[in-house]
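A look at the structure
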Amino acid sequence: MSARFDVDTARKDFPILSKPVRGRRLVYLDSAGSAQKPRHVIDSVRDVYENDYANVHRGLHYLSERASARYEEARETVRAFINAPEQHEVVFTGGTTEAINLVAWSYGRSVLGPGDEVLITCAEHHSNIVPWHLVREQTGCVVKAVPVQDDGTFRLEDFARLITERTRVVSCFHVSNVLGTVLPLRDIARLAHAQGAVVVVDGAQGIVHLPVDVQELEVDFYAFSGHKLYGPSGIGVLWGRAELLEAMPPWQGGGGMIDTVTLSATTWADLPDKFEAGTPPIAQAIGLAAAIDYVSDIGIDAIARHEQEVLLYATQRLASVPGLSLVGTAAGKASVVSFVMDCAHPHDVSTIIDQYGVAVRAGHHCAQPLMDRFELSSTARASLALYNTTEDIDILVESLEKVREIFQ
Ligand code: PMP
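What follows covers the sheet that holds strand 5 (residues 167–173). Ordered in space as 2-8-7-6-5-3-4, the seven strands form an open sheet in which the pairing is mixed. Looking at which strands have only one partner, the edges of the open sheet turn out to be strand 2 (90–93) and strand 4 (142–146). Between one strand and the next, the sheet's axes are offset by a mean angle of 20 degrees, whatever the strand orientation. Across five bridges, the pairing between strand 7 (residues 221–225) and strand 8 (residues 236–240) is antiparallel. Each residue of the ladder has a partner; that of Phe 221, found in strand 8, is Gly 240. Sheet contacts for helix 3 (residues 62–81): strand 2, strand 7 and strand 8; angle to strand 2, the most-contacted strand, approximately 115 degrees. Across the sheet, helix 4 (residues 96–111) touches strand 2, strand 5, strand 6 (198–202), strand 7 and strand 8, and the angle it forms with strand 7 is around 155 degrees.

Quick look at the sheet that holds strand 14 (residues 361–363) now. An order of 11-12-15-14 is seen for the four strands of this open sheet, with the pairing classed as antiparallel. Bordering the open sheet on either side are strand 11 (324–327) and strand 14, each of which pairs with just one other strand. On average, each strand axis in the sheet is tilted by 30 degrees relative to the strand beside it, whichever way the strands run. Where strand 12 (residues 336–341) meets strand 15 (residues 379–383), four bridges bridge the pair, whose relative direction is antiparallel. Note that in strand 15 the partner of Val 336 across the bridge is Ser 383.

At a closest axis distance of 8 Å, the pairing of helix 2 (residues 39–51) and helix 11 (residues 282–298) adopts a crossing angle of 150 degrees. When the axis of helix 2 is compared with that of helix 11, the two are roughly antiparallel. Helix-helix and strand crossings are classified by hand; for helix 2 and helix 11 the assignment is right-handed. Here His 40, Val 41, Ser 44, Val 45, Val 48 and Tyr 49 of helix 2 come into contact with helix 11, specifically with Ala 283, Gln 284, Ile 286, Gly 287, Ala 290, Ala 291, Asp 293 and Tyr 294.

A word on the pairing of strand 12. The element strand 12 is extensively covered by neighbouring structure, given that six of its six residues are classed as buried. Pairing of strand 11 with strand 12 involves four bridges; the strand directions are antiparallel. Looking at strand 12, one finds that Ser 325 is bridged to Val 340.

Further remarks concern the site of the ligand. Neighbouring the ligand are Thr 96, Thr 97, His 125, Ser 127, Asn 177, Asp 202, Ala 204, Gln 205, Ser 225, His 227 and Lys 228. For the ligand, the protein covers 84% of the area, taking 400 Å² as the surface of the free molecule. Comparing atom positions with the cavity grids shows the ligand to sit within the largest pocket. Classifying every residue of the shell around the ligand gives one nonpolar, eight polar and two charged.

Looking now at the layout of surface pockets. The space that makes up the largest pocket amounts to roughly 330 Å³. Among the elements of the structure, helix 4 and strand 14 are those that each provide at least two residues to the lining of the largest pocket. The leading source of residues in the lining of the largest pocket is strand 14, at three residues. Taken together, the residues of the lining of the largest pocket break down into seven nonpolar, 13 polar and five charged.

To continue, consider the environment of Val 199. Following the sequence through the fold, Val 199 ends up in strand 6. Sequence spacing of Val 199 and Ile 235 is 36 residues, and the spatial spacing of their C-alpha atoms is 22 Å. Not counting chain neighbours up to four residues away, the residues in contact with Val 199 comprise Val 170, Ile 188, Ala 189, Ala 192, His 193, Val 219, Asp 220 and Phe 221.

Along the polypeptide, Ser 233 turns up in the loop between strand 7 and strand 8. The contacts of Ser 233, once residues within four sequence positions are left out, are His 227 and Gln 284.

What follows is about the packing of helix 12 (residues 300–319) against helix 15 (residues 390–407). Contact geometry for helix 12 and helix 15: axes closest at 9 Å, N-to-C directions at 20 degrees. Relative to helix 15, the element helix 12 lies roughly parallel. Of the two possible hands of crossing, helix 12 and helix 15 adopt the one that is right-handed. Taking contact as the criterion, the partners of Val 310, Tyr 313, Ala 314, Arg 317 and Leu 318 in helix 12 are, on helix 15, Thr 390, Ile 393, Asp 394, Leu 396, Val 397 and Leu 400. Class assignment for the residues of the contact of helix 12 with helix 15 results in eight nonpolar, one polar and two charged.

Parameters at a glance
- Residues numbered from 1 in each chain as written.
- Predicted model: local features only at pLDDT ≥ 70, side-chain atom pairs only at ≥ 80, totals over all residues.
- Heavy atoms only, no water.
- Pairing = 2+ DSSP bridges.
- Helix = DSSP H or I, 4+ residues; strand = E, 2+ residues; numbered from the N terminus.
- Axes fitted to C-alpha atoms, helices over the stretch in contact; angles between N-to-C directions.
- Contact = heavy atoms within 4.5 Å.
- Parallel < 35°, antiparallel > 145°, perpendicular 65-115°, else oblique.
- Left-handed = near helix turned anticlockwise from the far one by under 90°.
- Buried < 20%, exposed > 50% of the residue type's maximum accessible area, 1.4 Å probe, protein only.
- Near = heavy atom within 4 Å.
- Areas by Shrake-Rupley, 256 points an atom, 1.4 Å probe, with all protein chains shown as cover.
- 1 Å grid on protein atoms, 1.4 Å probe; cavity = no way out; pocket = protein on both sides within 12 Å on 5 of 7 lines; lining within 4 Å.
- Sits in = over half its atoms within 2 Å of the grid points.
- Nonpolar A, V, L, I, M, F, W, Y, C, P; charged D, E, K, R; others polar.
- Points joined across faces, edges and corners; volume = space filled by probe spheres on them.

By themselves these figures say nothing about function.
Have a look at this one:
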């Protein structure tokens, strides 16, 4: 792991960053939406299709064996990256959304009954709210939410108060995709475990900005997507403790997840196949492993340090823009910066600065309950990745000045 990180060198690894947008330098500040891909990932996906592609696990021919081996090597790469105890605890999914649905449908539906509680936070992405609402309809469970403070922090006392002997599941983000707030997962896990509840983590943003060691975090499930971690879309991961995954029923049926099938009955395959029905995203899993290798090569700590420097610069520069308010200023936050301007709607902000090559996300960020809490319909969001520079922030701030000129 290298301690020195040179952003200019790293930027050259991302072909898209050198392509002008609207005749200008691309300032890509929507990595929380989806990150750009380094050549290493692009090449690895092409390499699978050019050299080692067939369906996995089903054929005894050369290419199927090659593809299967690479697919399983990818699983090991993920296991090592999150320090999971066992390779078979790593389930490939289509993304974070599918991973959380897997837990909700399989674990949730088996353990939850009327009056049992699922605790989320009011800042969850819809993909960590809606699956629990759907399960609520089937089980009669109750979904409660931990409130957020005005600055975007969450108080551990609120978790302690809301986790009760009725709580069966605590399902929360690691890093908020709107506020950037980082939750103290280990403390939350200890509170949950003391009441016999399990902890499910939406790690869609956490995996990108923080070193993740699932054993150190003491959580029970951790979900993330490949596409935010510089990997392909269509691939994600659910890690779960083996004893939980083993006891859980499959949630989708099909090829690859069975042991035997007769016309009257099915028995399941062992982990992780039990949860991987159908043809999996083969090249995408291998591409995700390439992304993890790329990130690990630079070092997630070095990436985090760099992002924190740019975040500090961005926070200071944006604070100097008249009429601009930051939404989410928790101490120790990750590099996601939401803001609103008093002169223009976030959609107008985003559309105007796009003319200057600046890509930010504007909207509710799939977090409508959080928007309601702050009495906002939407925010603009600049989210930083390893390839962003202080120059990107300067261009963002200059383009926001143009917004002010237009609307004032
Ligand atoms: N949770 C969070 C915190 C996210 O930011 C996102 C993506 N915006 C998701 C879940 C959903 O991820 P995906 O669409 O890759 O399944």
